[in-house]
Amino acid sequence: MHKFMQANNFTEIHSPKIVAQGAEGGANIFRLDYFGKSAFLNQSPQFYKQMAVAFFDRVYEIAPVYRAEKHATSRHINEYIGLDFEMGYIDSMYDVMKMEIAMLKSIFEYIKENYQNELKILEADVPEIKEVPSIKFADAIELLRGGEGSGKKFDLDPEDEVNLGKYAKEKYDSDFIFVTHFPSSKPPFYAMNSREDPREAYKFDLLFRGLEITSGGQRIHDYNEQVEKMKAQGLDPADFKNYLEAHKYGLPPHGGLGIGLERLLMKLLNKNNIRETSLFPRDINRLLP
Ligand code: ATP
């Protein structure tokens, strides 16, 4: 990833992991006492990547991300390595999706060229990436459930992801499938609403062999639009004054994504549990070694 990002004019950044607020909302955030004040462990470098786009145009970060996942699942750990990038001057989220595919291709080619022996020992199954199919969220729900409950659904559940993985393999012979245009009423608040249908957002997930490995999209760069969307999602823009200064003083159209490294590896190495692809996993019951 470093090689690819640098060859494509992305600047590496290191954003703080002790932060004043979470970017992703929800309850899965670790609180800590910061000299008597409340602080958090970052749930994503989102705000910092966006601010850095204002002056570096294209940025990336490979760093820990903290999620206080309270349930033991085979796909969640409480500290994972986020592969994140954010790029300015895009025309649409499709620019971000194209960049992701080019990056994954480059990573897979690189490991095939340089790590044949290790790939054999680990019984890795490195995918051949051809054309990656894409399906809109509403169409995916229709396909999976015949429209049943589609009005109420805001996200895919693990079973939906597995079934979409099978669909991509059978219909397109692809290990990957993009799901796009998630409902705009759902977080994140920084996702730009679709110009064609404001009930949808320019947000996508990438599934790899039936598991979500990426969330990404085009972000809101206009100050008023961001303030309005925060209000629409029941958030108080005053709580985000500092972040909103970037929008106020000038952000280019931009978008980006985050990939979970352990999830990517889990699928590459055909493991059933994410703990097998983390060096020292952190989960609800594990803090050692
Ligand atoms: P999920 O719906 O599977 O819980 P999410 O929607 O919370 O994931 P995002 O906030 O979109 O995930 O994070 C982007 C990526 O980071 C995910 O696609 C995944 O690869 C990875 N990721 C998120 N949470 C975790 C976690 N607890 N453990 C490992 N990887 C994670």
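S.K.: Just checking my understanding: could you explain the pattern of salt bridges for this structure?
M.R.: Between side chains of opposite charge, pairing is possible as soon as their charged atoms come close. Evaluated as defined, the whole model comprises 21 salt bridges. The shortest N-O distance in the salt bridge between Asp197 and Arg199 comes to 3.0 Å. By relative accessible area, Arg199 is classed as exposed at 65%. Among the ionic pairs, Glu228 bridges to Lys231, the shortest N-O distance being 3.9 Å. With a gap of 3 residues between them, Glu228 and Lys231 both fall in helix H7 (residues 223–232), about one helical turn apart. What makes Glu228 partly exposed here is its relative accessible area of 48%. Salt bridges sharing partners connect three or more residues here, namely Asp125, Lys130, Lys169, Asp173, Asp175 and Arg209.

S.K.: Is there a simple way to think about the site of the ligand in this case?
M.R.: Lining the immediate environment of the ligand, one finds 14 residues, of which His76, Ile77, Glu212, Ile213 and Ser215 sit closest. The side chain of Tyr80 places a nitrogen or oxygen atom 3.1 Å from an oxygen atom of the ligand. Arg263 is positioned with one of its side-chain polar atoms (N or O) 3.0 Å from an oxygen atom of the ligand. For the ligand, the protein covers 86% of the area, taking 600 Å² as the surface of the free molecule. Listed by contribution, the elements that provide at least two residues to the shell around the ligand are strand S10 (211–219) and strand S11 (254–260).

S.K.: Can you walk me through the nonpolar core in this structure?
M.R.: Nonpolar side chains in soluble globular proteins generally cluster together in the buried interior. Met5, Phe85, Met103, Phe108, Phe176, Leu206 and Leu264 are the most contacted members of the largest nonpolar core, which has 36 residues in total. Counting only elements with at least two residues in this core, the list comes to helix H1 (2–7), strand S6 (79–88), helix H3 (93–114), strand S8 (176–180), strand S9 (203–208), S11 and helix H9 (261–268). Looking at which element gives the most residues to this core, the answer is H3, with 10 residues.

S.K.: Honestly, the sheet that holds strand S1 (residues 11–12) in this entry has me stumped. Any pointers?
M.R.: Sheet strands pair via backbone hydrogen bonds, and the direction of the pair is either parallel or antiparallel. The mixed open sheet is built from 8 strands, whose spatial order is S1-S5-S6-S11-S10-S9-S8-S7. Edge strands, defined here as strands with exactly one partner in the open sheet, are S1 and strand S7 (134–136). The sheet contact formed by S8 and S9 spans 5 bridges and is antiparallel. Residue pairing in the sheet places Phe176 in a bridge with Phe208 of S9. With respect to the sheet, helix H2 (residues 46–56) is in contact with S1, strand S5 (58–66), S6, S10 and S11, its orientation differing from that of S6 by roughly 30°.

S.K.: Looking at this structure, how should I read the sheet that holds strand S2 (residues 18–19)?
M.R.: If you trace the 3 strands from one edge of the open sheet to the other, you get S2-S4-S3, paired in antiparallel fashion. Of all strands in the sheet, those with a lone pairing partner are S2 and strand S3 (31–34), marking the two edges. Two strands pair when backbone bridges link them, and S3 and strand S4 (residues 37–41) are joined in this way by 4 bridges, in the antiparallel orientation. By the bridge assignment for S4, Leu32 is matched with Ala39.

S.K.: Would you explain the packing of aromatic side chains in this entry?
M.R.: Pairs of aromatic rings are described using the distance from one ring centre to the other and the angle between the two planes. Here the structure, examined in full by the defined rule, presents 16 aromatic pairs. Ring centres of Phe178 and Phe204 lie 5.5 Å apart, and the angle between their planes is 85°; on these two criteria the pair is classed as edge-to-face. Taken as a pair, Phe178 in strand S8 and Phe204 in strand S9 lie far apart in primary sequence, 26 residues in all. Look at Phe178 and you get buried, because its relative accessible area is 4%. Ring plane angle 80° and centroid distance 6.2 Å describe the contact between Phe189 and Tyr243, whose orientation is recorded as edge-to-face. Here Phe189, found in the loop between S8 and S9, pairs with Tyr243, found in helix H8 (residues 241–249); they are 54 residues apart in sequence, far enough to count as distant. Given a relative accessible area of 5%, Phe189 falls into the buried group.

S.K.: Would you take a moment to explain unusual backbone geometry for this structure?
M.R.: Excluding glycine, a negative phi dihedral is what most residues carry, and trans is how most peptide bonds are arranged. Look at the link from Pro187 to Pro188: it is a cis peptide, with omega at 5°. With respect to the secondary-structure elements, Pro188 resides in the loop between S8 and S9. Even without glycine at this site, Phe35 takes up a positive phi of about 50°. Positive phi is not limited to glycine here, since Asn270 has a value of about 55°. With respect to the helices and strands, Asn270 occurs in the segment after H9.

Rules of the game
Each chain has its residues counted from 1, running along the sequence as written. In keeping with the predicted nature of the model, local features appear solely for residues at pLDDT of at least 70, side-chain atom pairs appear and are counted solely at 80 or more, and the whole-chain, interface and lining totals rest on all residues. Excluding hydrogens and water, the side-chain values take into account all heavy atoms of the structure. Within this document, salt bridges are pairs made up of a side-chain nitrogen of Lys or Arg and a carboxyl oxygen of Asp or Glu, the two lying within 4 Å of each other. Working definition: with a 1.4 Å probe on protein chains only, accessible area under 20% of the residue-type maximum means buried, over 50% means exposed, and in between means partly exposed. Runs of E in the DSSP output that reach at least two residues are strands. Runs of H or I that reach at least four are helices, and both are numbered from the N terminus. To be near a molecule or strand, a residue needs just one of its heavy atoms within 4 Å of it. Pairs of N or O atoms are called polar contacts if they sit within 3.5 Å, as long as, within protein, a hydrogen donor faces a hydrogen acceptor (for residues adjacent in sequence, only side-chain-to-side-chain pairs). Residue burial considers only the protein chains on display, and all accessible areas are found by Shrake-Rupley using a 1.4 Å probe. Here, nonpolar core refers to any group of buried Ala, Val, Leu, Ile, Met, Phe, Trp, Tyr and Cys residues whose side-chain atoms link them within 4.5 Å. When DSSP finds at least two bridges between two strands, those strands are taken to pair. Should any heavy atoms of two residues lie within 4.5 Å, those residues are considered in contact. To get an axis, fit a line to the C-alpha atoms, keeping to the stretch in contact for a helix; angles then go from 0 to 180 degrees between the N-to-C directions. To pair, rings of Phe, Tyr and Trp, with the six-membered ring standing in for Trp, must have centres within 6.5 Å; the planes then decide the type, stacked if under 30 degrees apart, edge-to-face if over 60, and tilted in the middle.

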